[in-house]
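Overview (structure and organization)
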Amino acid sequence: MSKSPPLVAAVVYEGMNLFELGVVAEVFGGERPDFEQPLFRLKFAQAEPGPLRAVGGLQLQTHGGLAVLRGADIVVIPGWRDPRSEVPRLLKNALVAAHARGARLVSVCAGSFVLAATGLLDGRRATTHWRYADLFRERFPRVLFDPNVLYVDGDALMTSAGSAAGIDACLQVVRQHYGADVANTVARAMVTSPHRNGGQAQYIAQPFPARAGRSLAPLLEWARQHLAEPITVTTLAERGAMSDRTLLRRFVAEVGIAPKAWLQNERIMAAQRLLESTASSHQSVAQAVGFATLAAFRKSFTQSTGLSAAAYRERFRA
């Protein structure tokens with residue numbers, strides 16, 4: 001962390017939602033006493049002229065206009081005032097220019113409408129809040145819209161679903177820059193979940209158990225403590241004293257993804273922590289997190305993180 005921290009530029013506009021702006025400010029601009037220096041530098045870029053006010057009338061002050069984006073490593077669009085409204089041409093041009101010189105563009109909630117309006121999402125997967133799914137498909141038929149995920153990340157373009165999914169997307173950016181351990185430290189400071197996989201469903205039909213004591217949380221914690229063992233749907237069902245079919249139905253309803261996908265994600269996260277904090281061989285790491293073979297571990301790790309296990313360790317080893 002000796003070099004200058006990445007510069008994050010957040011786009012500020014008239015009528016913006018303070019929660020979405022606050023997510024960006026907390027993740028990328030919050031005080032981090034756990035680290036010797038800031039993880040990121042945060043600046044706010046004014047998308048349009050005149051004094052800007054957030055929802056409720058609070059006046060917003062920025063570091064400058066769209067010129068702020070020129071030096072940014074990461075540009076975040078924290079929502080948009082109305083998904084039906086036009087995006088200013090100067091803002092679209094600035095985003096296209098930022099992407100062309102290598103900046104990562106990240107949208108929160110309806111901010112995906114801004115990215116889509118630039119044409120950068122054409123032919124690419126993207127998501128937004130489930131409430132705007134039909135409108136998004138109608139306005140941007142060339143985008144490969146996926147309504148069933150928390151965020152989509154690819155080609156230095158990230159779109160996320162509702163406001164809270166913006167937390168997951170921003171923490172994913174931290175994870176990609178500094179590794180799982182640093183991202184988990186930031187999440188703990190925010191008192192939020194350290195990682196929700198991007199492929200998790202946006203809308204969980206039953207986010208709280210119908211009856212007290214019916215949560216799957218104890219079962220999930222047991223699985224986390226026994227990742228080295230072969231765990232199947234039947235294993236979890238028997239442990240939870242229910243049928244396979246009931247376990248599958250309840251798991252998707254409460255967690256948002258199928259047990260197999262959840263286990264895979266937990267195993268990859270556990271492997272990341274071991275690669276960052278130990279000198280264990282890749283074979284030992286694979287066995288410790290429950291992969292049957294080293295080849296299966298390497299393939300799954302690369303698919304999930306975009307890096308080989310060796311490259312990940314070299315980049316994020318504490």
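Being a predicted model, the structure only gives us computed values, none of them experimental.

1. A look at the sheet that holds strand S9 (residues 151-154)
Spatially, the six strands line up as an open sheet ordered S2-S1-S5-S6-S10-S9, and their pairing is mixed. Two strands lie at the open edges of the sheet, namely strand S2 (41-46) and S9, each paired on one side alone. Neighbouring strand axes in the sheet, compared pairwise and without regard to direction, differ in orientation by 15° on average. Here strand S6 (residues 104-108) pairs with strand S10 (residues 157-160) via three bridges, running parallel. For Ser107, the partnering residue across the bridge sits in S10 and is Thr159. Sitting on the sheet, helix H5 (residues 163-178) is in contact with strand S5 (74-78), S6, S9 and S10, with an inclination near 150° to S10.

2. Some details on the packing of aromatic side chains
For the structure on display, the rule yields 13 aromatic pairs. Judged by centre distance (5.2 Å) and plane angle (55°), the rings of Phe136 and Phe140 are tilted. Grouping residues by exposure puts Phe136 and Phe140 together as buried. Counting every residue linked through ring pairs, the aromatic cluster contains Phe113, Tyr132, Phe136, Phe140 and Phe145.

3. So, the pattern of salt bridges
As a working rule, side chains carrying opposite charge can pair if their charged atoms are close by. Inspection of the entire model under this criterion finds 11 salt bridges. Note that Asp153 is salt-bridged to Arg104, the shortest N-O span being 3.0 Å. Residue Asp153 is found in strand S9, and its partner Arg104 is found in strand S6; the two are separated by 49 residues along the sequence. Classification of Arg104 as buried rests on a relative accessible area of 17%. Ionic pairing is found between Arg124 and Asp155, a salt bridge with its closest N-O pair at 3.1 Å. Here Arg124 is found in the loop between helix H3 (111-117) and strand S7 (125-126), whereas its partner Asp155 is found in the loop between S9 and S10, with 31 residues between them in sequence. Overall, Asp155 belongs to the exposed group, its relative accessible area being 54%. In the salt-bridge network here, residues are joined through shared partners; they are Glu221, Arg224 and Glu266.

4. A short note on the confidence of the model for the protein chain
Predicted confidence across the protein chain gives a mean pLDDT of 89, with 92% of residues reaching 70 or more. The model gives residues 201-213 a pLDDT under 50, and that stretch makes 24 contacts with residues more than four places away or in other chains.

5. Quick notes on the state of the cysteines
Among covalent bonds in proteins, the disulfide is the one between the sulfur atoms of two cysteines. Scanning the entire structure with this criterion turns up zero disulfides. Free cysteine Cys109: the closest other cysteine sulfur is in Cys170, separated by 12 Å. Note on Cys170: relative accessible area 1%, which makes it buried.

6. What about the nonpolar core?
If you look at the biggest cluster of nonpolar residues, it comprises 74 residues, and the most contacted ones within it are Phe28, Leu91, Leu95 and Val174. Top contributing element to this core by residue count: H5, with eight residues. Other than its neighbours up to four places away in sequence, Leu91 contacts Val11, Ala47, Leu66, Trp80 and Val114. Ranked by size, the runner-up nonpolar core spans 31 residues in total, among them Ile231, Leu247, Phe297 and Phe301.

7. Observations regarding helix H12 (residues 294-305)
Between its first and last C-alpha atoms H12 spans 16 Å; for 12 residues at 1.5 Å apiece the expected length is 16 Å, and the two agree. For H12, every residue scored as buried is listed here: Leu294, Phe297, Ser300 and Phe301. Buried residues along H12 cover an arc of 135° about the axis, so they all sit on one side. Along H12, exposed side chains directed more than 90 degrees from the buried face belong to Ala295, Lys299 and Gln303. Where the residues of H12 are buried, they touch helix H10 (259-277), helix H11 (282-288) and helix H13 (309-316).

8. Observations concerning the packing of H5 against helix H6 (residues 180-190)
For the pair H5 and H6, interaxial distance at closest approach is 7 Å and the crossing angle is 145°. As H5 packs across H6, the resulting crossing turns out to be right-handed. For the pair H5 and H6, the contacting residues are Ile167, Leu171, Val174, Arg175 and Tyr178 in the first and Ala180, Val182, Ala183, Asn184, Val186, Ala187 and Met190 in the second. When grouped by side-chain class, the residues that make up the contact of H5 with H6 number 10 nonpolar, one polar and one charged.

9. Remarks on the pairing of strand S1 (residues 7-12)
In terms of residue burial, S1 counts as a mostly covered element, since six of its six residues are buried. Residues Leu7, Ala9 and Val11 point to one face of S1 and Val8, Ala10 and Val12 to the other, with burial holding for every one of them. With six bridges joining them, S1 and S2 adopt parallel strand pairing. Each residue of the ladder has a partner; that of Ala10, found in S2, is Phe44. As for the winding sense of the linkage, the β-α-β connection from S1 through helix H1 (residues 18-29) to S2 is right-handed.

What counts and what doesn't
- Residues numbered from 1 in each chain as written.
- Predicted model: local features only at pLDDT ≥ 70, side-chain atom pairs only at ≥ 80, totals over all residues.
- Heavy atoms only, no water.
- Pairing = 2+ DSSP bridges.
- Helix = DSSP H or I, 4+ residues; strand = E, 2+ residues; numbered from the N terminus.
- Axes fitted to C-alpha atoms, helices over the stretch in contact; angles between N-to-C directions.
- Contact = heavy atoms within 4.5 Å.
- Phe/Tyr/Trp six-rings, centres within 6.5 Å; stacked < 30°, edge-to-face > 60°.
- Buried < 20%, exposed > 50% of the residue type's maximum accessible area, 1.4 Å probe, protein only.
- Salt bridge = Lys/Arg side-chain N within 4 Å of Asp/Glu carboxyl O.
- pLDDT = per-residue confidence, 0-100.
- Disulfide = S-S within 2.5 Å.
- Core = buried A, V, L, I, M, F, W, Y, C linked by side-chain atoms within 4.5 Å.
- Expected span 1.5 Å × (residues − 1).
- Arc of directions from axis to C-beta.
- Left-handed = near helix turned anticlockwise from the far one by under 90°.
- Nonpolar A, V, L, I, M, F, W, Y, C, P; charged D, E, K, R; others polar.
- Right-handed = clockwise from strand over helix to strand, strands pointing away.

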